[in-house]
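Chains, contacts and geometry: an overview
Residue-level listing of the chains:
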Amino acid sequence: MSDSMDRLIELGLTVLRRLDAVLPGSTTPDWAHVRAAVWQIGALGGGELAAHADLDPIVLDDLLFIDRQRARIEANTVQFVRGFPANNVLLWGARGTGKSSLIHALLNRYADDGLRLIEMDKRALGVLPRIVALVRDAPYRFILVCDDLSFAEDDASYKELKSVLEGSVFRASANVLIYATSNRRHLIPEHMADNLAARYEGGELHESEAVEEKISLSDRFGIWLSFQPFKQDDYLAVVVHWLQRIGAQHGLSDVQLTADARREALQWALARGARNGRTAQYFARDWIGRTLTSSA
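Parameters at a glance
- Residues numbered from 1 in each chain as written.
- Predicted model: local features only at pLDDT ≥ 70, side-chain atom pairs only at ≥ 80, totals over all residues.
- Heavy atoms only, no water.
- Pairing = 2+ DSSP bridges.
- Helix = DSSP H or I, 4+ residues; strand = E, 2+ residues; numbered from the N terminus.
- Axes fitted to C-alpha atoms, helices over the stretch in contact; angles between N-to-C directions.
- Contact = heavy atoms within 4.5 Å.
- Expected span 1.5 Å × (residues − 1).
- Buried < 20%, exposed > 50% of the residue type's maximum accessible area, 1.4 Å probe, protein only.
- Arc of directions from axis to C-beta.
- Core = buried A, V, L, I, M, F, W, Y, C linked by side-chain atoms within 4.5 Å.
- Phe/Tyr/Trp six-rings, centres within 6.5 Å; stacked < 30°, edge-to-face > 60°.
- Lys NZ or Arg CZ within 6 Å of the ring centre and 35° of its normal.
- Parallel < 35°, antiparallel > 145°, perpendicular 65-115°, else oblique.
- Left-handed = near helix turned anticlockwise from the far one by under 90°.
- Nonpolar A, V, L, I, M, F, W, Y, C, P; charged D, E, K, R; others polar.

Details of the sheet that holds strand β3 (residues 89-93)
- With mixed pairing, seven strands are arranged side by side in an open sheet as β2-β1-β4-β5-β6-β3-β9. Where the open sheet ends on each side, the last strands, each with one partner, are β2 (47-51) and β9 (223-227). In this sheet, adjacent strand axes meet at a mean angle of 20 degrees when their direction is disregarded.
- Inspection of the sheet shows strand β1 (residues 36-41) paired to β2 by five bridges, in the antiparallel sense. Opposite Trp39, over in β2, you have Leu49 as the bridge partner.
- Packing against the sheet, helix α2 (residues 67-81) makes contact with β3, β4 (115-120), β5 (141-146), β6 (176-182) and β9, and its axis sits at approximately 150 degrees to β9.

The structure is reproduced here in structure tokens:
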């Protein structure tokens, strides 16, 4: 009796989840006044679009030493905003090097031209068609952002993203693109055993089916942009930028990188194990905060 009741409850929940996934959400942002939204996953697996209350004020000029990446994705975004052909983009590489910030800066730059942003995580991949349906007729251009995207070995949800990247959903909706960020280019773990299954035939090397399957997801993004850790001098230049930027916001003019600040900035990066823009910004916040506190 108990097993039958459990199966009945599970069946009921399954039906509710399916209904929740196809019924429209209770609210849709007013895109004329909302630049960004987040897909909030519902208790039954569906969800709705909710206005993003706290936007990053970062601008493109804040992003130093990624000029090549910035130029490439900005050109793609301009094409998209103007209604011309454009590609989905995968931004991959070292953490803290500006991947997510670059997307947010593009929103701040092109929001007045009709660009809008929708943040979502991989748990919402199953409702991508629904999200697209909600914005298809809006007179705006939407970038769906999947941040820190990666999949475990046994996570089959990547197949849903793989299908929509080259499927009818996004081909039929010219006002939607996907920009995804990840710490690795191939979004699914690769193992030595996968490569051992490669074969050599007729003078040609053929990748194993496992390898082909794992790299096929990344291959569905039209543009790949790689991000590397900063060299020491570049890191210190970014520290100076944020010291001056944050200092000016708090009434400190022309903040310089003193010998003490330089030493502490390098120690800060060493403690975090990374020289990147995020580390530089965090250090600058700390240094300016301590400077203001000591002079208060």
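Details of helix α10 (residues 259-272)
- Under the 1.5 Å per step criterion, the end-to-end length of α10 is 20 Å for 14 residues, consistent within 8% with the ideal 20 Å.
- Of all the positions in α10, only Ala261, Ala265 and Ala269 are classed as buried. The buried side chains of α10 occupy one side of the element, clustering within an arc of 70 degrees when seen end-on. In this structure, α10 carries Ala259, Leu270 and Ala271 as exposed residues pointing more than 90 degrees from its buried face.
- Summarising the contacts, the buried residues of α10 are in contact with α9 (232-249) and α11 (277-295).
- In the segment just after α10, Gly273 is the residue with positive phi, at about 70 degrees.

What to know about the nonpolar core
- Ranked by internal contacts, the top residues of the largest apolar core, which has 44 residues, are Ile73, Leu102, Tyr179 and Tyr235.
- The biggest single contributor to this core is α9, with seven residues.
- Aside from chain neighbours lying at most four places away, what touches Ile73 is Val89, Leu91, Leu102, Leu106, Tyr179 and Leu225.
- The next biggest cluster of nonpolar side chains, apart from the first, holds 25 residues, and it includes Leu125, Val132, Ile178 and Phe221.

A closer look at unusual backbone geometry
- The phi torsion at Phe65 lies on the positive side, around 65 degrees, for a residue other than glycine.
- Tracing the backbone through its elements, the reader meets Phe65 in the loop between β2 and α2.
- A positive phi angle, near 50 degrees, is found at Asp254, a position not held by glycine.
- Mapping Asp254 onto the fold places it in the loop between α9 and α10.
- Asp254 sits in the exposed class, given a relative accessible area of 58%.

Focus: the packing of aromatic side chains
- Counted by the stated rule, this structure contains four aromatic pairs.
- Measuring from ring centre to ring centre gives 5.8 Å for Trp268 and Phe283, while their planes differ by 70 degrees; the resulting arrangement is edge-to-face. Of this pair, Trp268 sits in helix α10 while Phe283 sits in helix α11, and the two are 15 residues apart along the sequence.
- Exposure remark for Phe283: the relative accessible area of 0% places this residue in the buried category.
- Ring geometry for Phe283 against Trp287: centres 5.9 Å apart, planes inclined by 35 degrees, an arrangement best described as tilted. Here Trp287 and Phe283 lie together in helix α11, a separation of four residues that amounts to about one turn. Comparing Phe283 with Trp287, the two get one shared label, buried.
- Put simply, the rings of Trp268, Phe283 and Trp287 pair up and form one aromatic cluster.
- Here the basic side chain of Arg109 rests over the ring of Tyr110, its NZ or CZ set 4.4 Å away from the ring centre.

What to know about the packing of α9 against α11
- Two elements in contact, α9 and α11, have axes separated by 8 Å at closest approach and are oriented at 45 degrees. Classified by the angle between their axes, α9 and α11 sit oblique to one another. Where α9 crosses over α11, the two elements pack in a sense that is right-handed. Here Tyr235, Val238, Val239, Trp242, Leu243, Ile246 and Gly247 of α9 lie close against α11, whose contacting residues are Gly277, Thr279, Ala280, Gln281, Phe283, Ala284, Arg285, Trp287 and Ile288.
- Of the residues in the contact of α9 with α11, the class split is 11 nonpolar, four polar and one charged.

What about the pairing of β9?
- Of all five residues that make up β9, four are buried, and the element is covered over most of its length.
- Bridge analysis of β3 against β9 gives five bridges, and the strand direction is parallel. Of the residues in β9, the one forming a bridge with Val89 is Ile223.

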